[in-house]
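# Observations on the model geometry
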Amino acid sequence: MVDLTNPIFTDADKAREHLEAQRWPEGPYCPHCGNIDQARIRSMKGKAHRPGLYNCRECRKQFSVTVGTVFERTKVPLNKWLMATYLLSASKKGMSAHQLHRTLGVTYKTAWFMFHRIREAMRVDTANAEPMGGKSKVVEADETYQGKTKSTRKISVDGRVKYQNKGRGPANKRPVIALVERGGKARSFHVPYATRPVVEKIVAENIAKESRLHTDESHLYSKSGVPGLVAKHETVRHSADEYVRGDVYSNSVEGYFSIFKRGMKGVYQHCSEKHLHRYLAEFDFRFSNRTALGVNDTDRANEALKGITGKRLTYRRTSEALL
Ligand SMILES: [Zn+2]
C-alpha cells in the first residue's frame, strides 16, 4: 500500500529531495553540459533563489532536478507528481484520469496529461534495451485484439490487403503483440496489422537469438516457426486442447493479456487508438516490476521516477505543454 501521509506527497520540498535522491544517487549532474564534478556544481540554496536550483561552474547555466524530464515546466507541485506516479505504479488495473483529478484536486485535463507523462516515464526504450530471453531462457509470444479501429481493411497473414469490408472480429480491432520472458519482463506492441512479417520483426528486434520461443499454433508463424530468429520455436495446439506439453506453454503471456484486458475494460474503456501504446507501456511496466519478482509498491514507483529522464521530446510530439 502507498502511505499517502508520507511528506513527499504533501510537501513540495520533501518531494524534490526524494526525486533528487532517486535521480542523482551520486549527487547532481548538469543536464546542459553533462558535468558531474561535484566541486564544479554549486547549490543556490539560501541565495534568494527558489529551492532546488543548482549552478554549473563549467557551463555557467542553472538547473534543477526536473530539467530534461517529463516533469519539466509544470505548474503542478512536485509532491502531486510523486503521488500520481505512486498511485499509477501501485494500481493493479490502472487508474482513470478522472479519479486522479478528484484525488489530487487538479483539473481533469491536467490529470490526463500527468498520467500520459508518467506512462512515458514507464516506457522502455526497446531500441536501446537489452534483448529479452537468452541462453536456455524461454520467451512466450501471443497476440490479442482490443477495442475497435477506424480501419476496416481485411489483411491476409502475409501482409497483403485482401479486401475491404465493414469488418467484424479481428478485421476492425486493434492488434496487440506481447512478449513475456518466463519469470521476467513483458513488452507489448500495438501494431497496425498482425501479420507474419510484423511479428517476425518484433521477435528479431526484441528477443535474444539464443532464446527458446513458445507460442500457440498461431497462423502468424509458418509451419517451420521462426527459423533463424531464435534457437528453437515450439508451439502448443490450443485447438486440440493442448495447453501444456512438457515445459512448452504460453500461460505467462496469456496471464499478461488477462491483466491488460481487465484494465482496459474496467478503467480505460475510452482509450483512443493513437494512445493505446501508452497504456501498453503502463501495463508492461507494472508487469515487469511485479510483486512476484520481488518488487514492492515503493520500489516500483521509484523505478518509474528513474525513467523520467530523456523522454521529454517523445511526449512533446503528441501532447502540448498544457500544465
Ligand atoms: Zn553545465
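Residues numbered from 1 in each chain as written. Predicted model: local features only at pLDDT ≥ 70, side-chain atom pairs only at ≥ 80, totals over all residues. Heavy atoms only, no water.

When helices and strands are tallied, the chain shows 9 helices and 10 strands. Relative to its 323 residues, the chain shows a buried fraction of 49%. Of all intrachain contacts in the chain linking residues separated by at least 6 positions in sequence, the fraction that spans at least 24 positions is 62%. For the chain, the accessible surface area stands at approximately 16700 Å², while carbon and sulfur atoms represent 51% of it. (Helix = DSSP H or I, 4+ residues; strand = E, 2+ residues; numbered from the N terminus. Buried < 20%, exposed > 50% of the residue type's maximum accessible area, 1.4 Å probe, protein only. Contact = heavy atoms within 4.5 Å. Areas by Shrake-Rupley, 256 points an atom, 1.4 Å probe, with all protein chains shown as cover.)

Let us look at the pattern of salt bridges. This structure, assessed with the given rule, holds 17 salt bridges. Close ionic contact of Glu 72 with Arg 73 constitutes a salt bridge, the shortest N to O distance being 3.8 Å. One connected set of salt bridges, linked through shared partners, spans Arg 212, Lys 232, Glu 234 and Asp 247. (Salt bridge = Lys/Arg side-chain N within 4 Å of Asp/Glu carboxyl O.)

Working note: α-helix, 3.6 residues per turn, so residues spaced by three or four point in the same direction. Its 15 residues place the ends of helix α4 (residues 108–122) 21 Å apart at the C-alpha level, agreeing with the 21 Å of an ideal helix rising 1.5 Å per residue. Those residues of α4 that fall on the buried side of the exposure criterion are Thr 110, Ala 111, Phe 113, Met 114, Phe 115, His 116, Arg 117, Ile 118, Arg 119, Glu 120, Ala 121 and Met 122. (Expected span 1.5 Å × (residues − 1).)

In this section: the pairing of strand β8 (residues 186–190). With respect to burial, β8 is a largely interior element, 4 of its 5 residues being buried. Relative to β8, strand β7 (residues 174–181) runs antiparallel, the two being bridged by 5 bridges. Within β8, the position partnered with Ile 177 by the bridge is Phe 189. Hairpin connection from β7 to β8: 4 residues lie between these consecutive antiparallel strands, with Gly 183 at a positive phi of about 70°. (Pairing = 2+ DSSP bridges.)

Read across the sheet, 5 strands follow the order β8-β7-β4-β9-β10 without closing on themselves; strand pairing throughout is mixed. Pairing within the sheet leaves two strands with one partner each, and these edge strands are β8 and β10 (232–236). On average, each strand axis in the sheet is tilted by 25° relative to the strand beside it, whichever way the strands run. The strands touched by helix α5 (residues 196–206) within the sheet are β7, β8 and β9 (212–216), with β7 carrying the most contacts at an inclination of about 30°. (Axes fitted to C-alpha atoms, helices over the stretch in contact; angles between N-to-C directions.)

Read from one edge of the open sheet, 3 strands run β1-β2-β3, paired in antiparallel fashion. Every interior strand has two partners, whereas the edge strands, β1 (41–43) and β3 (62–63), have only one.

Phe 71, Leu 100 and Tyr 256 are the most contacted members of the largest nonpolar core, which totals 58 residues. A per-element tally of this core places helix α2 (residues 78–90) first, with 9 residues. Not counting residues up to four positions away in its chain, the partners in contact with Phe 71 are Leu 19, Thr 66, Leu 78, Trp 81, Leu 82, Thr 85, Ile 118, Leu 305 and Ile 308. Of all hydrophobic cores here, the second largest spans 17 residues; its members include Met 132, Ile 177, Phe 189 and Val 226. (Core = buried A, V, L, I, M, F, W, Y, C linked by side-chain atoms within 4.5 Å.)

Below, the discussion takes up helix α3 (residues 97–104). Buried within α3 are the following residues: Ala 97, Leu 100 and Leu 104. For α3, the angular spread of the buried residues around the axis is 55°, confining them to a single face. Packing partners of the buried residues in α3 comprise α2 and α4. One or two steps after α3, the chain reaches Gly 105, where phi turns positive at roughly 70°. (Arc of directions from axis to C-beta.)

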